[in-house]
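Here is what each chain is made of, one letter per residue.
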Amino acid sequence: MYIKNQKFLVLGVSKSGFAVANYILSNGGKCFLYEQLSSEKIDSAISKLIDLGAVRVNKDNIDNILPNIDVVVVSPGVPINHHVAVKSKSLGKRIIGELEFGYLQFLPTIVGITGTNGKTTTATLIDAILIESGAKSMLVGNVGVPLTNKVCDADSDSICVTEVSSFQLETTSSFCPHISCILNIAPDHLERHYTMENYIFLKKRIFKNQKESEYTILNYDDETVRNFSSEVKAKIKYVSLKGKIEGAYRLENKLYYNDEFIISEESLSLKGEHNVYNTLFAICVCKLLGIDNQSIINALINFKGVKHRMELIANIGGVDYYNDSKATNTASTITAVENMKKPTILILGGSDKGENYKELFDIIKSSSVRHVIIMGATRLKMFESAVNVGYTNITLTYDFTTAVKIAKLIATDGECVLLSPACASFDSFSSFEERGDRFRELVQEV
């Protein structure tokens, strides 16, 4: 729940109702009051709240106000079958009591980002925009900082931008972000989740506990993700590169939120169609949080990307070296390959995640990749997939260091070496970060 960007109706201005309304107004929220009773105590309480910015409504204008309300907070003395509560429920509004409201205020606002690829970039980009705007943002979760580490630092003004993996969602029961994002779905972690059905089921847990006052942002262009909409209780926004939708979209190389122009694609520091999706998710999240356009624009222009994700680490002898160690599945490596324009030496391989590599080598055949070096535990499985589709410009080695040295020998002026393994790193390294750092060391060795 994000107080500053929500409209509340407090139903019944008793002691509990006054406490809720006072808290909302003191924390920058918008509050409407509905109270049919009159007494010196109640009238005095309403007068104090109006002085703080509350708006009183009555039976004559309540029907005009309700469609714009996000949350109705019912005081204990008001029955749940009160006609305003019943009308609110029929309009799909979230209805809670004062106790639930108070409990929720002990939690920071959480933005949850999940999907197969792009999570770290999207989360980091949202965090950069929030920091640019002056918001108290904390980047946590699968990005590398546990949420628990920030509990003592967080308060009601904090926004925890949280990268959420399927492994983390596997053990959640009450996790409820104010805004959830599902970027895309592609095969990944099948060695652990066994089937795509299980993997998809876990990804949907990110919105399971969301209510009508929260938001879910879905990738409209991903059919699997788009179809989640029938199961979502929260308000839905979409992201699309293919046409105008309710949310953030690209139209004629310009990025919009609803009908509002935000920035041209050519002005973005991040390049590639996959990063346009990441940027649109960031725009949508930040507009829902009430962030001003100039902060969004400034951050999008100046954002430098994230480590181990298509990171240009050196140009040596006219050869560009790209560290994409975070590409731990085929979908991510396919995206990287499709964005390479120069002749490229591609380093693949690592520990198996239960994927099939046929599609990857089908795309490599028609890409700018001129030679593939396959290393690690998956080298034979990958080699078999490559041969089956007729791709044979391959060197095999188990050793990572040898793979990088071979790539340096093969690459010539004007070409690229791309580490984008399409596999996990656990056959040789403790993490993709360690693998990427080792790649950097080997590239920079004279």
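What counts and how
- Residues numbered from 1 in each chain as written.
- Predicted model: local features only at pLDDT ≥ 70, side-chain atom pairs only at ≥ 80, totals over all residues.
- Heavy atoms only, no water.
- Phe/Tyr/Trp six-rings, centres within 6.5 Å; stacked < 30°, edge-to-face > 60°.
- Helix = DSSP H or I, 4+ residues; strand = E, 2+ residues; numbered from the N terminus.
- Buried < 20%, exposed > 50% of the residue type's maximum accessible area, 1.4 Å probe, protein only.
- 1 Å grid on protein atoms, 1.4 Å probe; cavity = no way out; pocket = protein on both sides within 12 Å on 5 of 7 lines; lining within 4 Å.
- Points joined across faces, edges and corners; volume = space filled by probe spheres on them.
- Nonpolar A, V, L, I, M, F, W, Y, C, P; charged D, E, K, R; others polar.
- Pairing = 2+ DSSP bridges.
- Axes fitted to C-alpha atoms, helices over the stretch in contact; angles between N-to-C directions.
- Salt bridge = Lys/Arg side-chain N within 4 Å of Asp/Glu carboxyl O.
- Patch = residues over 30% accessible without salt bridge, like charges linked within 9 Å, V, L, I, M, F, W, Y side chains within 5 Å.
- Areas by Shrake-Rupley, 256 points an atom, 1.4 Å probe, with all protein chains shown as cover.
- Polar contact = N/O pair within 3.5 Å; in protein donor to acceptor, adjacent residues only side chain to side chain.
- Contact = heavy atoms within 4.5 Å.
- Parallel < 35°, antiparallel > 145°, perpendicular 65-115°, else oblique.
- Left-handed = near helix turned anticlockwise from the far one by under 90°.

### Remarks on the packing of aromatic side chains
Inspection of the entire model under this criterion finds 8 aromatic pairs. Between F207 and F228 the ring centres are 6.2 Å apart and the planes differ by 50 degrees, which places this aromatic pair in the tilted class. Separated by 21 residues along the polypeptide, F207 in the loop between α9 (196–203) and β10 (215–219) and F228 in the loop between α10 (223–226) and β11 (235–240) bring together distant segments of the chain. Comparing F207 with F228 shows no difference in burial state: the two are buried.

### Comments concerning empty space enclosed by the protein
Regions of empty space are outlined by a rolling probe, equal in size to a water molecule, passed over the atoms. By the definition in use, this model includes 3 cavities of 30 Å³ or more. In this structure, the largest cavity encloses a volume near 50 Å³. For the largest cavity, the full set of lining residues is M1, Y2, I3, L104, Q105, L107, P108, T109 and S156. Residues of the lining of the largest cavity, tallied by class, amount to 6 nonpolar, 3 polar and no charged.

### Considerations on the sheet that holds strand β5 (residues 94–97)
Strand order in the open sheet formed by 5 strands is β3-β2-β1-β4-β5, and the pairing between neighbours is parallel. Taken across any chain shown, the strands that pair with only one partner, and hence form the sheet edges, are β3 (55–57) and β5. When strand polarity is set aside, the average angle formed by the axes of neighbouring strands in this sheet is 25 degrees. Here strand β2 (residues 30–34) pairs with β3 via 3 bridges, running parallel. Within the sheet, the bridge partner assigned to L33 lies in β3 and is R56.

### Overview of the pattern of salt bridges
Tallied over the entire structure, the rule returns 19 salt bridges. Of the charged contacts in the structure, one is a salt bridge between K4 and D157, with a shortest N-O distance of 3.8 Å. Placement of K4 in the segment before β1 (7–11) and of D157 in the loop between β7 (136–141) and β8 (158–163) is noted, with a sequence separation of 153 residues between them. A relative accessible area of 46% means that K4 is categorised as partly exposed. We note a salt bridge from E311 to R440, for which the minimum N-O separation is 2.5 Å. Linking E311 in strand β15 (residues 311–316) with R440 in helix α17 (residues 432–444), this pair joins segments that are 129 residues apart in sequence. Assessed through its relative accessible area of 22%, R440 is described here as partly exposed. One network of salt bridges, in which partners are shared, links R250, E265 and E273.

### Section: a nonpolar patch on the surface
A grouping of L380, F383, V387 and L396 is seen on the molecular surface, where their side chains present a nonpolar patch of about 340 Å² in accessible area. Of all the elements, helix α15 (residues 379–388) adds the most residues to the nonpolar patch, at 3 residues. Residue position: L380 is located in helix α15. Accessibility expressed as a relative area gives 57% for L380, which makes it exposed.

### As for the side chain of R309
Among the secondary structure elements, R309 is positioned in the loop between α12 (293–302) and β15. The buried category is assigned to R309, whose relative accessible area is 15%. Among the polar contacts listed, one links the side chain of R309 to the side chain of S332, at a separation of 2.7 Å. With sequence-adjacent residues up to four places away left out, R309 is seen in contact with T121, N323, D324, K326, A327 and S332.

### A few points about the environment of N258
Inspection of the secondary structure puts N258 in the loop between β13 (254–257) and β14 (260–264). The partly exposed category is assigned to N258, whose relative accessible area is 24%. Each C-alpha atom of the pair N258 and K237 lies 9.7 Å from the other, and the pair is 21 residues apart in sequence. When residues no more than four places from it in sequence are discounted, the contact partners of N258 are K237, I245, E246, G247 and Y249.

### Regarding the packing of helix α6 (residues 119–133) against helix α11 (residues 273–288)
Here α6 crosses α11 at 45 degrees, and the two axes come no closer than 9 Å. What the angle tells us is that α6 and α11 run oblique. The chirality of how α6 crosses α11 is right-handed. For the pair α6 and α11, the contacting residues are T121, T122, L125, I126, I129 and L130 in the first and N275, N278, T279, F281, A282, V285 and C286 in the second. The class makeup of the residues in the contact of α6 with α11 is 8 nonpolar, 5 polar and no charged.

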